[in-house]
Every structure is written in C-alpha cells, then in structure tokens.
Amino acid sequence: MSATPIATSFVQSESFIYVLYIIAFALFIQGLRGLSGPTTAVRGNRIAAVGMGIAVIATLLNPDEGNWGLIALGIALGIAVGVPAARQVKMTAMPQMVALFNGVGGGAVAIISWVEFRSYGSTYGDRTIDIAGATIRLGGGVPTYVAIFSVFAAIVGSVSFWGSNIAFGKLQEILPGRPISLGPAQQIVNLVLLILAVAAGIDLVAGAHSELLFIGMLIVAALLGNAVVLPIGGADMPVVISLLNAFTGLSAAATGMALNNPALIVAGMIVGASGSILTNLMAVAMNRSIPSIVAGGFGGGGAVEGAEGAGAHDGTVRSTSASDAAIQLAYANRVVVVPGYGMAVAQAQHAVRELTKELESRGVEVSYAIHPVAGRMPGHMNVLLAEADVPYDQLKEMDDANPEFQRTDVSLVIGANDVTNPAAKNTPSSPIYGMPILEVADSRSVIVIKRSMNPGFAGIENELYFDPKTSMLFGDAKSAVSEITGELSAL
Ligand code: NAP
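Cut-offs applied
- Residues numbered from 1 in each chain as written.
- Predicted model: local features only at pLDDT ≥ 70, side-chain atom pairs only at ≥ 80, totals over all residues.
- Heavy atoms only, no water.
- Salt bridge = Lys/Arg side-chain N within 4 Å of Asp/Glu carboxyl O.
- Helix = DSSP H or I, 4+ residues; strand = E, 2+ residues; numbered from the N terminus.
- Buried < 20%, exposed > 50% of the residue type's maximum accessible area, 1.4 Å probe, protein only.
- Near = heavy atom within 4 Å.
- Polar contact = N/O pair within 3.5 Å; in protein donor to acceptor, adjacent residues only side chain to side chain.
- Areas by Shrake-Rupley, 256 points an atom, 1.4 Å probe, with all protein chains shown as cover.
- Nonpolar A, V, L, I, M, F, W, Y, C, P; charged D, E, K, R; others polar.
- Domains from an automatic or database assignment.
- Pairing = 2+ DSSP bridges.
- Axes fitted to C-alpha atoms, helices over the stretch in contact; angles between N-to-C directions.
- Contact = heavy atoms within 4.5 Å.
- Parallel < 35°, antiparallel > 145°, perpendicular 65-115°, else oblique.
- Left-handed = near helix turned anticlockwise from the far one by under 90°.
- Buried area = accessible area lost by both parts, 1.4 Å probe.

Participant: Sorry, what's going on with the pattern of salt bridges here?
Facilitator: It is possible for side chains of opposite charge to pair when their charged atoms get near one another. Using the criterion set out here, one finds 10 salt bridges in the structure. Of the charged contacts in the structure, one is a salt bridge between Arg334 and Glu404, with a shortest N-O distance of 3.6 Å. Of this pair, Arg334 sits in strand β3 (residues 334–339) while Glu404 sits in the loop between α17 (398–401) and β6 (410–414), placing them 70 residues apart in sequence. Taking the relative accessible area as the measure of exposure, Arg334 reaches 5% and is therefore buried. We classify Glu404 as partly exposed; its relative accessible area is 26%. What emerges from the salt-bridge pattern is a single network uniting Arg334, Glu365, Glu404 and Arg407.

Okay, here's the thing in structure tokens:
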C-alpha cells in the first residue's frame, strides 16, 4: 500500500523534520547525562545512538535528498567497516580507534565543504567594491557568513583528518612514537602553513574563482595537521586526539551553519564542547598546559623504551613472591587496589575481581582507588572494572581515596606507575611534578605488581619502588594476580 501524497508531504515538511531534529537533540543531551556515571553509561550511549539514528532519518526525509543508491552504498560500507571494528577493538586500543573515527569525521567535513564550493560554481561570489582606487572582491553569490563557515570547516576538517591519522599511526606503532620535529624551525613552519591556509581562505571568501586555490588550501591544512601532530610524543596522543575531536566538532558545526542544518550545528557543538572539556580535564589531571602538550617533546615513547629504568636510583628494591603477598593480604583488615595501564594491557580485571572476592570472603574490606588518568584514556579503569562486575560503590575517585590510605593495611598496585609516583609531590625537577597522585605511600605497606623496573608513560623512575614499605611482585599482572588468588585459597 503506497503512502498518500498528503502523508508524504507531511513527513517531508520542514516542520516535521525540525521536530525530529529536536527529539534527536534531546536524546543526545540525555545520552550525555547518562555518560557521567558508570551505572548509566551504557544506557546513555544507547540513548544517544537512537538520537543519531533519528537525526539521520530526518536528514534523509529532506525532499532535496539526492542519489539514494550512493547513500545506501555509503551506509552499507560504514556499517560493514564500523560495526566489526568497534566490536573487536581491545580496550587498550580504544584511543587509536577514536582517532580513526574522529579523523573520518574531519575528512568528511572537509570534503563536504569542497563539494559545496563546487556546487556554487567554484566561487563564493564575484561582488567587488572600489576603495581608494583599489578593487576589492567581496562575496556575492553566496552570503559571506556561509563562505566563512565553509572555509573554516574545510581548513579545520583537513587539519583534524591528517592530525588524527598521525595520532592513529603513532598509537598503533605504524609510525615511531617519538617526537618527529624540525627542531626550533618547527614552530615557524607551522605558523607559515597556518598563514598560507588562512590567506587562501580569505581570498576564497572574497570571491576568488579558483578550485585550484581551494584544493591548495586543503593541502596546506593537511600539511599543517601533519606538522602539528608529528612532533608530539606517542604518549601524549590521547590528549591530542581529544583536542582534534573538539576541532572536528567545531568544523562540523561550521558546516551546519553553512548548510543551514541544525542537526550538524547542535551535534558539532556538543562534540566541540565535550572534546574541549575532556582535553582540559586530562591536562589538569596531568598538571600540564594544553599549549605545552601541543608544543610536544614529552614522554616520547619512554613508556616502551624504559629510558630511566633500574640503576638510576641508589636505594634497594625488595621483591616478594605470590605466596608472601597472599599472606600479607590475608591478614589485612583493609586493602586498596590501585589499577593502572598494566592491568589493562594484561586484561587482568577478571583475575583482580576473583582475588578481591576471595579477600572479601575472608572478611577483608576491599576498595579500588581510581586516578583520573590511570590507563590511557579517561574512565579506562572504570570501564574495565565494570566489565569484571566490580561493584560501583567500591570504586573510589582520587579525592575520596587519598584520605583513606592512612588507614589502609595493604595497597595493591597493579600495573600502575606514574599515578603513584611520589616524585609528583617531592621532586620539583620531575616532569610530573605537580600532578595529583594516589598517595599509596601513606598506607602501612604496598605491593606493586609489574614485570620489571621499566618506567611508565612519563618515562621516569618511581621513588615508591625504593620505599622500605614497598615490595615488588615481578610478573605479568594477570598471572601474578591469579597466582596470589591460588595461594590465598590454599591458606
Ligand atoms: P603507566 O605509568 O604508564 O605505567 C604502567 C605500568 O604498567 C608500566 O610501568 C609497566 O611496567 C606496567 N605494565 C605494562 N604491561 C604490564 C603487564 N602485562 N603486567 C603488569 N604490568 C605491566 O600507567 P599509569 O600509572 O596507569 O599512568 C597512566 C599514565 O598515562 C600517566 O602518566 C598519565 O598522565 C598518562 N596518560 C593518561 C591518559 C588518560 O586519559 N588516562 C591520557 C594521556 C596520558 P613494566 O613494563 O615493568 O611491566
């Protein structure tokens, strides 16, 4: 049965499409609210996804919509690539996944701006005015604000696409993680590229009739994206990705202004705002400024290379065995688990949960202390522990956890390093000086599980390991934790 023309014209009317958009925005905002806590995060994500589905349907209802075959092909390709990739990605590889998806968003925005420019006949207009004998071109055919937003979206989208790809390459170790820079000349090169891109943009907005200039602008912006991200060390990539994510959001919002599409404006602004807030939170939690991160050079792959491992410190390190650790834990009243990147790499969260269940069955009070930048992305530890069914009320944020260490018998540090390093408090020359840490050294004893004396993300030695109350259990987090659990059940 075919729809009546009245029904068809109603669903394709501007008012109906706008109502759908408003429903979608409400769902985006509700979804974001859900993401603020681990209990509601999954539901929040689903709500936002339904909102996005409605926004896509509303856009497709537009009577001016074009080639259905191509649209269907695009959707099918997106599903074929995106769904398996998102399902199979490991939690530790999530930052590079986000980089890739973010890059695709930026690239799409840049291409849409180019397509729009061509649809205007490869010029935003030819209106001219004469001032003091000089002829100045102004936008004519296309409103100037549309031209400005289009050009902004093209430049920022291209920077974001290329920057995100470099970030992906570094995290995936396709590219070297160390900073790749032209030295002091780098900042000048970046500035020249920025000036060239903006100059080309101004000429286009003023009415230049040249597709070549537009393409040139995209290429210069692409070079800029590479030039900005290559000198930043692999270790800082999560912050860079979040920053580029904010850029992509802003460029999408600019495209929305140019195309008069409210869905793009609202969704783009939400991404831009949340990306900026996230970038700032990460920078604050590491006690570093965003300009210093973008200037590059920090933690250039030190986490893998072990730049300042054992030997640089005069003190001695006490190693322990799984059976001794089990005895120490069994006789504790209160144990705090401090998870870090190593727990994520080892996928030890389920083993950790088994261990803590065993401890709880013996009457030990267990909680988990979560540092805001433990792991490689915000919320990394919360997601892993939630996956292992750790009760949410046992997860303590840093500010709540720190005062509790003094009445803790054993802090069990599992694959966490920098977030426990007292140098952040005691050593002004340390690169992490000023970063808030989990004050595990306040507890009566500390057991650290890691494979070696190699440093973590910041590439620096950890004073905690030389503290007389600390003992090191060397080994892979998953097997070491399982071994302790085995010893514990045999006690
Ligand atoms: P970390 O300082 O990077 O240390 C992780 C430790 O895990 C390493 O020292 C490593 O030592 C150990 N490890 C690796 N694989 C292991 C395995 N299979 N089993 C046991 N241990 C293993 O980690 P963190 O304490 O979680 O600190 C996070 C760092 O990332 C901070 O410096 C933070 O600033 C940075 N960062 C975080 C974010 C974020 O949003 N979360 C964003 C940007 C930067 P071994 O090699 O000796 O085993």
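Participant: Teacher, can you tell me more about unusual backbone geometry here?
Facilitator: One non-glycine residue, Ser122, adopts positive backbone phi at about 60 degrees. The residue Ser122 is located in the loop between α5 (94–119) and β1 (127–131) in this model. For Ser122, a relative accessible area of 12% gives the class buried. Unlike most non-glycine residues, Asn260 shows phi in positive territory, near 60 degrees. By secondary structure assignment, the location of Asn260 is in the loop between α9 (237–259) and α10 (262–285).

Participant: Would you explain the site of the ligand in this entry?
Facilitator: Not every one of the 29 residues close to the ligand is listed here, only the nearest: Asn417, Asp418, Arg451, Ser452 and Asp476. Between the ligand and Tyr341 there is a distance of 2.9 Å, counted from an oxygen atom to a backbone nitrogen or oxygen. Between Val373 and the ligand, the recorded distance is 2.9 Å, taken from a backbone N or O atom to a nitrogen atom. Within the complex, the protein chains bury 97% of what would otherwise be the 910 Å² of accessible surface of the ligand. At three residues, helix α14 (residues 341–346) tops the list of elements feeding residues into the shell around the ligand. Of the residues contributing to the shell around the ligand, the split by class is 15 nonpolar, nine polar and five charged. Here the shell around the ligand gathers at least three residues from each of two domains, domain 2 (94–300) and domain 3 (313–490).

Participant: Sorry if this is basic, but what is going on with the sheet that holds strand β7 (residues 445–450) here?
Facilitator: Each strand in a sheet pairs with its neighbour through backbone hydrogen bonds, running either in the same direction (parallel) or in the opposite one (antiparallel). With respect to topology, six strands assemble into an open sheet ordered β5-β4-β3-β6-β7-β8, the strand pairing being parallel. The sheet is open, and its two edges are formed by β5 (395–397) and β8 (470–474), each paired on a single side. For this sheet the average axis-to-axis angle between neighbouring strands, irrespective of direction, equals 25 degrees. In terms of strand pairing, β7 meets β8 through five bridges, oriented parallel. The partner of Ile449 across the bridge, within β8, is Leu473. Here helix α16 (residues 380–387) sits on the sheet and contacts β3, β4 (365–370) and β5; the angle it forms with β4, its principal contact strand, is near 145 degrees.

Participant: I keep staring at the packing of helix α6 (residues 144–171) against helix α7 (residues 185–205) and nothing clicks. Help me out?
Facilitator: The description of two packed helices rests on the angle between their axes and on the distance between the axes. Remark: α6 packs on α7, axes separated minimally by 9 Å, with the N-to-C direction vectors making an angle of 150 degrees. As summarised for this structure, α6 and α7 are arranged roughly antiparallel, according to the angle between their axes. Between α6 and α7 lies a crossing of right-handed hand. Residue-level contacts link Thr144, Ala147, Ile148, Val151 and Ile155 of α6 to Ala197, Val198, Gly201, Leu204 and Val205 of α7. Residue composition of the contact of α6 with α7, grouped by class: eight nonpolar, two polar and no charged.

Participant: What is the right way to look at the domain arrangement of the chain in this model?
Facilitator: Many authors give the size of an interface as the accessible area that is lost as the parts come together. Its domain assignment divides the chain into domain 1 (1–88), domain 2 (94–300) and domain 3 (313–490). A straight line from the C-alpha centre of domain 1 to that of domain 2 covers 26 Å. The interface is formed by 10 residues belonging to domain 1 together with nine residues belonging to domain 2. Interface of domain 1 and domain 2: buried area, both sides summed, is about 770 Å²; carbon and sulfur atoms make up 85% of it. At the boundary of domain 1 with domain 2, the tally comes to zero salt bridges. Taken together, the connections running from domain 1 to domain 2 amount to zero residue pairs in polar contact (both at pLDDT 80 or more).

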